Amino acid sequence: MIAENLARVHERIREACRKAGRDPGEVTLIAVGKTKPADLLMEAYRAGERVFGENKVQEILEKETQMPSDVRWHMIGHLQRNKVRQVIDKAELIHSVDTVRLAETIQIEAEKKGLVVPVLIEVNIGGEESKYGAAPDNVLFMARAISEMKNVRVRGLMTIAPYVEDPEDNRVLFARMKELGEEIRKKGISNIRMDILSMGMTNDYEVAIQEGATMVRVGTGIFGSREQGK
Ligand SMILES: *Cc1c(COP(=O)(O)O)cnc(C)c1O
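What you are looking at is a predicted structure, and each value in this text was computed from that prediction instead of being measured.

Engineer: Would you take a moment to explain the overall build of the protein chain for this structure?
Structural biologist: The secondary structure content of the protein chain amounts to nine helices and eight strands. Whereas a compact globule of 230 residues would reach a radius of gyration of roughly 17 Å, the protein chain reaches 17 Å, a difference of no more than 12%. Principal axes of the C-alpha set define a box for the protein chain whose edges measure 45 × 40 × 35 Å. Across the 230 residues in the protein chain, those meeting the buried criterion constitute 49%. Contacts in the protein chain between residues far apart in sequence, at least 24 positions, make up 60% of those at least 6 positions apart. A total accessible area of about 11200 Å² is found for the protein chain, and carbon and sulfur atoms account for 46% of it. One finds the centroid of the 35 positive side-chain charges in the protein chain at a distance of 3 Å from the centroid of its 36 negative side-chain charges.

Next comes the structure, spelled out in structure tokens:
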């Protein structure tokens, strides 16, 4: 079942790329296995998937020990500063840096371990009260501040768009994310890159790809629905 779901998602990614005149090689699928056990994730692994996203540090730590070492883990959920130390050498990318303070903690811990940690700045592009993420007006300031941190490397932007019935309703937000990334890239700030745009989930990843996403984070569309509230 999971192998079939995955094949369908990959097919839809290719189709969205085709429509947008993009190379499918530009888009990385992140299989979001949160709340699901490692044996279910292993079905995706056996079908060829290597990039997995989790929204809790604890789940990365647990599943990392249960899965092969060539799995690449992405931290996509809200990150508490007291968990930074545990995750920076486990995740290949942290998608959810939403304050300079969090970046500072990553800097301190990364320096201790002699790492340079790639991160995305999480943007609350829909301006939703309930969501984490920096206000769009704050992102340039944050990018500049983090560019001063030797052991943290901004690679781009991430957003969790609002849940909408019709994914077309998020198109304008995805387009705004792309613009924001371009705007910052044009400043030529040293020590940062703006080559990653992480946006699009099960409900709207095709629209996100058409608007420039380079990473899509798909959970339900691969692993099925989660228990309510998770
Ligand atoms: C759960 C989650 C996803 C995947 O959501 P689906 O709608 O199940 O595809 C993507 N990104 C983040 C940050 C998440 O927490």
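On we go from here.
Engineer: Any chance you could explain the layout of surface pockets here in plain terms?
Structural biologist: Empty space among the atoms becomes apparent when a probe as large as a water molecule is rolled across them. Roughly 570 Å³ of volume is contained in the largest pocket. Every residue lining the largest pocket is counted, 26 residues in all, and those nearest its centre are Lys34, Ile160, Met201, Arg217 and Arg226. Taken together, the residues of the lining of the largest pocket sort by class into eleven nonpolar, nine polar and six charged.

Engineer: Mind showing me how you'd approach the site of the ligand here?
Structural biologist: Taken together, Val32, Lys34, Asn55, Ile76, Ile160, Met201, Thr202, Arg217, Val218, Gly219, Thr220 and Arg226 are the residues near the ligand. Interatomic distance of 2.4 Å between a side-chain N/O atom of Thr202 and an oxygen atom of the ligand. One of the backbone nitrogen or oxygen atoms of Gly219 is found 2.8 Å away from an oxygen atom of the ligand. Isolated, the ligand exposes 390 Å² of accessible area, and the fraction of that covered by the protein chains is 91%.

Engineer: Any chance you could explain unusual backbone geometry here in plain terms?
Structural biologist: In most cases, non-glycine residues show a negative phi, while peptide bonds are predominantly trans. Even without a glycine there, the phi angle at Thr35 is positive, about 70°. For Thr35, the position within the fold is in the loop between strand 1 (28-32) and helix 2 (38-46). Even without being glycine, Asn191 reaches a positive phi, approximately 70°. Relative to the helices and strands, Asn191 is located in the loop between helix 7 (171-186) and strand 7 (192-198). Given a relative accessible area of 27%, Asn191 falls into the partly exposed group.

Rules of the game
- Residues numbered from 1 in each chain as written.
- Predicted model: local features only at pLDDT ≥ 70, side-chain atom pairs only at ≥ 80, totals over all residues.
- Heavy atoms only, no water.
- Helix = DSSP H or I, 4+ residues; strand = E, 2+ residues; numbered from the N terminus.
- Rg over C-alpha atoms; globule rule 2.2 N^0.38 Å.
- Buried < 20%, exposed > 50% of the residue type's maximum accessible area, 1.4 Å probe, protein only.
- Contact = heavy atoms within 4.5 Å.
- Areas by Shrake-Rupley, 256 points an atom, 1.4 Å probe, with all protein chains shown as cover.
- Lys, Arg positive; Asp, Glu negative; His and termini not counted.
- Charge placed at Lys NZ, Arg CZ, Asp CG, Glu CD.
- 1 Å grid on protein atoms, 1.4 Å probe; cavity = no way out; pocket = protein on both sides within 12 Å on 5 of 7 lines; lining within 4 Å.
- Points joined across faces, edges and corners; volume = space filled by probe spheres on them.
- Nonpolar A, V, L, I, M, F, W, Y, C, P; charged D, E, K, R; others polar.
- Near = heavy atom within 4 Å.
- Polar contact = N/O pair within 3.5 Å; in protein donor to acceptor, adjacent residues only side chain to side chain.

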